[in-house]
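Secondary and tertiary structure notes
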Amino acid sequence: MKQIPMLDLQLEYQYMKTDIDTAIKRCLDHQKWILGPEVKELEDTIAKFLGVKHCIGASSGTEALVLSLRALAIKLKGQEYFDETDEIITTPFTFTATGDAILRAGATPVFVDIDPATYNINPIKTREYLTQNLKLKTQNSSNIVGIIPVHLYGQSCNMDEIMKIAREYNLFVLEDVAQAFGGTWNGPTVPAVGLSKGSRQKLGSFGTTGAFSFFPSKNLGGFGDGGMVSTNDDELAELMGMLLKHGGKDKYNVDHIGYNARLDTLQAAILLAKFKYIDEFNERRRKIAEIYNRELSNVSGIVLPVNCSTTQPDDKGTSRNHDGHVYHQYTIRILNKRRDALQKHLKEKGIDTMVYYPVPLHKMRVFDGRYKMNGDLTESEKAVREVLSLPMEPLMSEEAISCIIHTIKKFYHE
Ligand SMILES: Cc1ncc(COP(=O)(O)O)c(C=O)c1O
């Protein structure tokens, strides 16, 4: 039986082999393994691509989140870490690292439920928490300092609403772009440098900072761990640059409690080679998503990912994003408690699928007694029981896509 994996990195390597081998050979020739020329070249290339002033390589997406928050604590509070009374709003329906970074920076995560259509943080619920908190302000010592929107599965959060809320309540925004390299949000209210209002703006250029992951399975993935932070703020850029090199401009005489969290030269070289293909690969992902959408649209019991054209939230906080989705994952919702049975059926036929994520953050032990939440988190709890990500390999054959679709249809018609 032919296996269909979620992703086939060997296939991608063969497709880009000459570029990648040349990039690695260049590193072998110059032997500048720490902060070699490729790191700066990648930082400049991605900064230009995103339309931001600064990009700084980091050792992972997780460290990129932590570096952002630590730099924000230093800039905003004049102290190394946030206080426990400092609250940062985020979604519970994300990878652990998003919430964990908040704890590592000393603050308290506040989980706000998701929009069931996009699986991203619901701006209306976010505003609800802020309004209620403002009312309680006199009895309460907490201090909401920022929001971390996560562009889950490659789909943008409603950045118009999030940036509006952030301006109103004077909050920082740290975009978690780990899953959405190259993704965009339409019609920004405040365009990035050099963009006119209404043009597409790259994710990671809206917030105070953005955190990217180059984990091998990401849209832009290295051959090991890697990450990046983006910002238009000179002071934050300088601080993050210091923190990732032990906490100082001079590593033998440091100012802050730092990390060794640099991006490897070798990873930067590989990422530069792969970056040449990012637009093509994201387009390939969209094409595959289109086929899935078309072929699965008549299967009752499956809810397809949304990708419509209005940026306005409806009365449930639902937001739409036309074409900006980069389908890091193609994720469907399986109704009627049949998700696990469908996953088993596909597995038996040699088709891999994944559940991102089986446990929401507020149910994890690490967050026990360490988080707050807005109302209930019903939609997140429902999503963990219903979502299923199908194989999304940009170079996947038409035969493989047809086989997946056929196998799903067969499950429903048996
Ligand atoms: C949403 C999200 N945030 C953060 C991360 C952390 O990135 P990394 O694995 O590079 O540390 C990931 C990666 O898995 C992610 O999916």
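Preceding block: the structure.
Residues numbered from 1 in each chain as written. Predicted model: local features only at pLDDT ≥ 70, side-chain atom pairs only at ≥ 80, totals over all residues. Heavy atoms only, no water.

Details of helix H3 (residues 61-77)
What counts, and what does not: A run of H or I in DSSP becomes a helix once it reaches four residues, and a run of E becomes a strand once it reaches two; helices and strands are each numbered from the N terminus. How far a helix is expected to stretch is found by multiplying one less than its residue total by 1.5 Å. Residue exposure (1.4 Å probe, protein chains only): buried if accessible area is under 20% of the type maximum, exposed if over 50%, otherwise partly exposed. N or O atoms closer than or at 3.5 Å make up a polar contact, with two conditions inside protein: a donor-capable atom paired with an acceptor-capable one, and, for residues adjacent in sequence, both atoms drawn from side chains.
With 17 residues, H3 ought to run about 24 Å at 1.5 Å a step, and its terminal C-alpha atoms sit 24 Å apart, in line with that. Most of H3 sits inside the fold, with 13 of its 17 residues counted as buried. Between a side-chain oxygen at the N-terminus of H3 and the backbone nitrogen of Thr-62 the separation is 3.3 Å; the capping residue is Ser-60. With its phi angle positive at about 65°, Gly-78 sits one or two positions after the end of H3.

Remarks on the site of the ligand
Rules: Nearness here has a simple test: a residue counts as near a molecule or strand if at least one of its heavy atoms is within 4 Å of that partner. Only the protein chains shown count as cover for residues, with accessible areas throughout obtained via the Shrake-Rupley method and a probe of 1.4 Å.
As a matter of local geometry, the ligand sits amid 17 residues, with Gly-61, Thr-62, Asp-176, Ser-213 and Lys-218 nearest to it. Measuring from an oxygen atom of the ligand, one finds a side-chain N or O atom of Thr-62 at 2.5 Å. Within the side chain of Ser-213, a nitrogen or oxygen atom sits 2.7 Å from an oxygen atom of the ligand. Taking 390 Å² as the accessible area of the ligand by itself, protein coverage stands at 93%. Mapped by element, the contributors of at least two residues to the shell around the ligand are H3 and helix H4 (96-104). Counting residues per element, the shell around the ligand draws most heavily on H3, at three residues.

A short note on the sheet that holds strand S2 (residues 86-90)
Rules: In this description, strands pair whenever DSSP reports at least two bridges between them. Two residues qualify as a contact provided that any one of their heavy atoms is within 4.5 Å of a heavy atom in the partner residue. All axes here are fitted lines through C-alpha atoms, helices being fitted over the stretch that makes contact, and every angle between N-to-C directions spans 0 to 180 degrees.
Ordered by their spatial adjacency, eight strands build an open sheet running S1-S9-S8-S5-S4-S2-S3-S12, and the pairing between neighbours is mixed. The open sheet has two edge strands with one neighbour each: strand S1 (54-58) and strand S12 (372-373). Note that S2 and strand S4 (residues 143-148) share five bridges and pair parallel. Each bridged residue has a counterpart across the sheet, and for Thr-90 the counterpart in S4 is Ile-148. Strands in contact with H3 are S1, S2, S4, strand S5 (172-176), strand S8 (209-213) and strand S9 (227-231); relative to S8, the strand with the most contacts, it is inclined by about 160°. Lying on the sheet, H4 is in contact with S2, strand S3 (108-111), S4 and S5; it crosses S3 at an angle near 145°.

Re the sheet that holds strand S10 (residues 302-303)
Across the sheet, which stays open at both edges, the three strands sit in the order S10-S11-S13 with antiparallel pairing between neighbours. Every other strand in the sheet has two partners, leaving S10 and strand S13 (387-390) as the edge strands with one partner each. In terms of strand pairing, strand S11 (residues 330-334) meets S13 through four bridges, oriented antiparallel. Bridging across to S13, Ile-332 finds its partner in Leu-388. Contacts from helix H10 (residues 339-348) reach S11 and S13 within the one sheet, and its direction differs from that of S13 by about 25°.

A look at the packing of helix H2 (residues 37-50) against helix H8 (residues 265-275)
Spelled out, the test is: In what follows, roughly perpendicular refers to angles from 65 to 115 degrees, roughly parallel to angles under 35, roughly antiparallel to angles over 145, and oblique to any angle outside these ranges. Whether a crossing is left-handed or right-handed is set by the direction in which the near helix is turned from the far one by less than a right angle, anticlockwise for left-handed and clockwise for right-handed. Residue polarity is assigned by list, with Asp, Glu, Lys and Arg as charged and Ala, Val, Leu, Ile, Met, Phe, Trp, Tyr, Cys and Pro as nonpolar; anything else, Gly included, falls into the polar class.
Look at H2 against H8: their axes get within 8 Å of each other, and the N-to-C directions meet at 40°. Judged by the angle between their axes, H2 and H8 are oblique. Crossing of H2 against H8: the hand is left-handed. Residues Glu-38, Val-39, Glu-41, Leu-42, Thr-45, Ile-46 and Phe-49 of H2 form the contact with H8, whose participating residues are Thr-265, Ala-268, Ala-269, Leu-271, Leu-272 and Phe-275. Per-class residue counts for the contact of H2 with H8 are nine nonpolar, two polar and two charged.

Thoughts on the side chain of Asp-176
Under the convention used in this document: A residue counts as positive if it is Lys or Arg and as negative if it is Asp or Glu; His and the chain ends are not included. Whenever Lys or Arg places a side-chain nitrogen within 4 Å of a carboxyl oxygen from Asp or Glu, that contact is recorded as a salt bridge.
Checked against the element boundaries, Asp-176 lands in strand S5. As a buried residue without a salt bridge, Asp-176 has its nearest oppositely charged side chain in Lys-218, at a separation of 7.7 Å. Within the structure, the side chain of Asp-176 is placed 2.9 Å from the side chain of Thr-98, a separation counted as a polar contact. Beyond its immediate stretch of four places on either side in the chain, Asp-176 contacts Leu-65, Thr-98, Ile-148, Pro-149, Val-150, His-151 and Ala-211.

What about unusual backbone geometry?
Most of the time, phi is negative for any residue but glycine, and the peptide bond is trans. Cis peptide bonds are those with omega within 30 degrees of zero, and the linkage from Tyr-356 to Tyr-357 qualifies with 15°. Locating Tyr-357 in the fold gives a position in the loop between H10 and S12.

Thoughts on helix H11 (residues 378-386)
Taken as a whole, H11 has its buried residues at Ser-380, Ala-383, Val-384 and Glu-386. In the core, the buried residues of H11 are packed alongside S11, H10 and S13.

Considerations on the packing of aromatic side chains
To describe a pair of aromatic rings, you give the distance between the ring centres and the angle between the ring planes. How we decide: Here a Phe, Tyr or Trp ring, Trp counted by its six-membered ring, pairs with any other such ring whose centre lies within 6.5 Å, and the pair is stacked when the planes are under 30 degrees apart, edge-to-face when over 60, and tilted otherwise. Should the NZ of a Lys or the CZ of an Arg lie within 6 Å of a ring centre and within 35 degrees of the ring normal, that charge is described as sitting over the ring.
What the rule picks out here adds up to 21 aromatic pairs. Taken together, a centroid distance of 5.6 Å and an interplanar angle of 75° make the contact between Tyr-119 and Tyr-153 edge-to-face. Of the two residues, Tyr-119 sits in the loop between S3 and helix H5 (123-136) while Tyr-153 sits in the loop between S4 and helix H6 (159-169), which places them 34 residues apart along the sequence. Residue Tyr-119 is classed as buried on the basis of its relative accessible area of 5%. Its relative accessible area of 3% is what places Tyr-153 among the buried residues. When the centroid spacing of 6.3 Å and the interplanar angle of 90° are considered together, the rings of Phe-181 and Phe-275 count as edge-to-face. Taken together, the residues span a long stretch of sequence, with Phe-181 in the loop between S5 and strand S6 (184-185) and Phe-275 in helix H8 at a distance of 94 residues. Here Phe-181 matches Phe-275 in class, with each residue buried. A cation over an aromatic ring shows up here: Arg-70 above the ring of Tyr-81, its NZ or CZ 4.3 Å from the ring centre. One cation-aromatic arrangement involves Lys-202 over Phe-49; the distance from NZ or CZ to the ring centre is 4.2 Å.

In short, shape yes, function no, at least from these values alone.
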